[in-house]
Amino acid sequence: MNRFILAAHGRLGEAFLESAEMIAGKQDRETVFAVPFLPDDSLDCLTCRLRAIIEKYPQDQFYIVCDLKGGSPFNASFLLSRKFSRVHVIAGLNLAMLLEVLLQRETIQGIEDITKIVDNSKTLMYVI
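A brief look at the structure comes next. (Residues numbered from 1 in each chain as written. Predicted model: local features only at pLDDT ≥ 70, side-chain atom pairs only at ≥ 80, totals over all residues. Heavy atoms only, no water.)

1. Describing helix H2 (residues 43-56)
For clarity, the threshold we go by: Strands here are runs of E lasting at least two residues and helices are runs of H or I lasting at least four, both read from the DSSP assignment and numbered beginning at the N terminus. Here the expected length of a helix is defined as 1.5 Å per residue gap, with one fewer gap than residues. To sort residues, take the accessible area from a 1.4 Å probe on protein chains only and compare it with the maximum for the residue type: under 20% means buried, over 50% means exposed, and anything in between is partly exposed. Think of it as the arc spanned by the lines of direction from the helix axis to the C-beta atoms.
Relative to the 20 Å expected for 14 residues at 1.5 Å per residue, H2 spans 20 Å between its end C-alpha atoms, a close match to the ideal helical length. For H2, the full list of buried residues reads Leu-46, Thr-47, Leu-50, Ile-53 and Ile-54. An end-on view of H2 places all buried positions within 125° of arc, on one side of the element. The exposed set on the far side of H2, more than 90 degrees from its buried face, consists of Asp-44, Cys-48 and Lys-56.

2. Considerations on a nonpolar patch on the surface
Put simply, the rule reads: Residues with no salt bridge and a relative accessible area higher than 30% make up the patches, which join like charges within 9 Å and nonpolar side chains (Val, Leu, Ile, Met, Phe, Trp, Tyr) within 5 Å. In this description, accessible areas are obtained by the Shrake-Rupley approach with a 1.4 Å probe, and a residue is regarded as covered only by the protein chains that are shown. Just to be clear on terms, a salt bridge is a Lys or Arg side-chain nitrogen sitting within 4 Å of an Asp or Glu carboxyl oxygen.
A grouping of Leu-43, Phe-78 and Leu-79 is seen on the molecular surface, where their side chains present a nonpolar patch of about 230 Å² in accessible area. Checked against the element boundaries, Phe-78 lands in helix H3 (residues 72-83). Take Phe-78: its relative accessible area is 34%, and that puts it in the partly exposed class.

3. Side note on the packing of helix H1 (residues 12-24) against helix H4 (residues 95-104)
So the rule is basically this: Axis definition: a line fit to C-alpha positions, over the contact stretch in the case of helices; interaxial angles, taken between N-to-C directions, run 0 to 180 degrees. The labels follow the angle: roughly parallel below 35 degrees, roughly antiparallel above 145, roughly perpendicular from 65 to 115, and oblique for the rest. Whether a crossing is left-handed or right-handed is set by the direction in which the near helix is turned from the far one by less than a right angle, anticlockwise for left-handed and clockwise for right-handed. Only heavy atoms matter for contacts: two residues are in contact if any of them lie within 4.5 Å across the pair.
Following both chains from N to C, one finds H1 and H4 inclined at 60°, their axes separated by 10 Å at the closest point. Taken together, the axis directions place H1 and H4 in an arrangement best described as oblique. The way H1 lies across H4 gives a crossing that is right-handed. Along the contact surface, H1 presents Phe-16, Leu-17, Ser-19, Ala-20, Ile-23 and Ala-24, while H4 presents Leu-95, Leu-98, Leu-99, Leu-102 and Leu-103.

4. So, the environment of Ile-108
Mapped onto the elements of the fold, Ile-108 is located in the loop between H4 and helix H5 (111-122). Sequence separation of Ile-108 and Cys-45 is 63 residues, and the distance between their C-alpha atoms is 30 Å.

Structure, rendered in structure tokens:
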């Protein structure tokens, strides 16, 4: 099974998930998780929270979607992707991408499908 973790600064991941639910309906919180990175948290604390979710489902693929490449949520996720081959990291969380992931999560077969979703979400961005 595919599981997704939204890892972001502050409570941004939680806010994105709430916004996505307004559009796509209530989500199964056993397949989509939001993990905050709060001002008093350390990198180790965040890594432990992410690891606890991953270890709870030892047979499943995880896609951790982070807000910024190089930020603490990304760095913690990257470290875990080196320890668990079933963990993949995506940087650049946005609502269009999240909606695509949620609507297609049952049919996602691997990182190639995630790459297509990321590319498609970029085509929904406009500057006027």
